[in-house]
Amino acid sequence: MIILFTAVFLIVHALFVLSLTSKKVDLPENWLFTVNGYSVTEEEFQFYAQEQRAVTADYFFRTYGAQVDEGFWTRQYGDQHETPSEYIKKSAMTALLNTKHEQFIADERGIDPYKSFDELKSDMEEENRKRATMEDSGDTYYGLPQFDLYQYMQYLSGARWPDLVETQVKQTKMSDAELQVEYATRSAEYVRMADELTVSLAASGQAKEEKVLSRLDISKEDNESLKFWESLATASVGETVVGKYLDEDVVATLKSKPEITKLKLEEVKDSLIYGRADSDLRALIANTDKLKIKYNGNRFRELIVN
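Residues numbered from 1 in each chain as written. Predicted model: local features only at pLDDT ≥ 70, side-chain atom pairs only at ≥ 80, totals over all residues. Heavy atoms only, no water.

A. The sheet that holds strand S2 (residues 38-41), seen in detail. As summarised here, the arrangement of the three strands in space is S2-S1-S9, forming an open sheet in which the pairing is antiparallel. The open sheet has two edge strands, S2 and strand S9 (293-295), and neither has a second partner. Pairs of neighbouring strands in the sheet enclose a mean axial angle of 25°, with direction left out of account. Here strand S1 (residues 31-35) pairs with S2 via four bridges, running antiparallel. If you follow Val35 over to S2, its bridge partner there is Tyr38. The strands that helix H2 (residues 42-50) touches are S1 and S2; relative to S2, the one it contacts most, it runs at about 65°. (Pairing = 2+ DSSP bridges. Helix = DSSP H or I, 4+ residues; strand = E, 2+ residues; numbered from the N terminus. Axes fitted to C-alpha atoms, helices over the stretch in contact; angles between N-to-C directions. Contact = heavy atoms within 4.5 Å.)

Okay, here's the thing in structure tokens:
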């Protein structure tokens, strides 16, 4: 029995060690570092760096009046001897770690499996092919007809975010006292305006007539009419608003202030909890201190980004 137990233990231990080292075996030759065991190549890191170029150039222009020229990226600026190349590396690392952390959390919570950089590129190309086919055949799709990689990653993040928030709600605990404090702080946001208001309204070139405008007559897609309505609803009695209402250019003077009702805590409780969960999730993702980073010698330190 002891011999059998020992043999089983050794086999299990060997499999465990193999699982720990398998990622290392699969590391590509050009890896810069790993995050929780997953490799990041120079190509992937440069992708994040390119997204930080404009931010970096703007920072050095505002701080030092620096212009992007031939020696810009390696030149030292200020008393701290800042270089744009190191600044952009730090910014890119922050963006990369935040993205990785969101992917890890989505994977851990069973929402979306972790995908490598190459897998994401392959998936994007496949998605673009599908959309091109749908475009040719006249089928309906939502969003852009074609993605670049940054747009595709934003698309994926946006698609999984509601599910991430939903899982976070289960971990976000708000006591009655916390809800009361949050409600008191944000109660001005939680009001319900009347669905009707009275105005003196005229279309372009016509005389004004007193009319009752109903919010319910405006479709959710008619942003111009909704904007016009909100302007009137927040105006003072006697104030005139110019805009577009139900596809007509109009001018309207508010005759009576719409009734505003303060929503009760019970009516907005879920909104408060989901708002806190969203905030907690963003803070969790931004806290990347516990991610394990292993560098491939001096490759990352010696990398010059420009």
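B. The pattern of salt bridges, seen in detail. In the structure shown here, the tally under the stated rule is 19 salt bridges. Linking Arg75 and Asp69 is a salt bridge whose minimum nitrogen-to-oxygen distance equals 3.3 Å. Exposure remark for Arg75: the relative accessible area of 34% places this residue in the partly exposed category. Here Asp69 falls in the partly exposed class, since its relative accessible area comes to 38%. Each of Glu182, Arg186, Glu189 and Arg276 takes part in a single network of salt bridges with overlapping partners. (Salt bridge = Lys/Arg side-chain N within 4 Å of Asp/Glu carboxyl O. Buried < 20%, exposed > 50% of the residue type's maximum accessible area, 1.4 Å probe, protein only.)

C. A look at the side chain of Thr56. Looking at where Thr56 falls in the secondary structure, it is placed in helix H3 (residues 53-64). Looking at Thr56, its side chain comes within polar contact range of the main-chain oxygen of Gln52, at 2.8 Å. Ignoring any residue separated from it by four or fewer positions in sequence, one finds Thr56 in contact with Trp73, Pro84, Tyr87 and Ile88. (Polar contact = N/O pair within 3.5 Å; in protein donor to acceptor, adjacent residues only side chain to side chain.)

D. View of the packing of aromatic side chains. One pass over the structure, following the stated rule, counts 24 aromatic pairs. Centroid distance Phe60 to Tyr64: 5.7 Å. Interplanar angle 35°. Geometry classified as tilted. Of this pair, Phe60 and Tyr64 both sit in helix H3, four residues apart, roughly one helical turn. Owing to a relative accessible area of 0%, Phe60 belongs among the buried residues under this scheme. Ring geometry for Phe228 versus Tyr245: centroids 5.8 Å apart, planes at 45°, classification tilted. (Phe/Tyr/Trp six-rings, centres within 6.5 Å; stacked < 30°, edge-to-face > 60°.)

None of this, on its own, says anything about what the molecule does.
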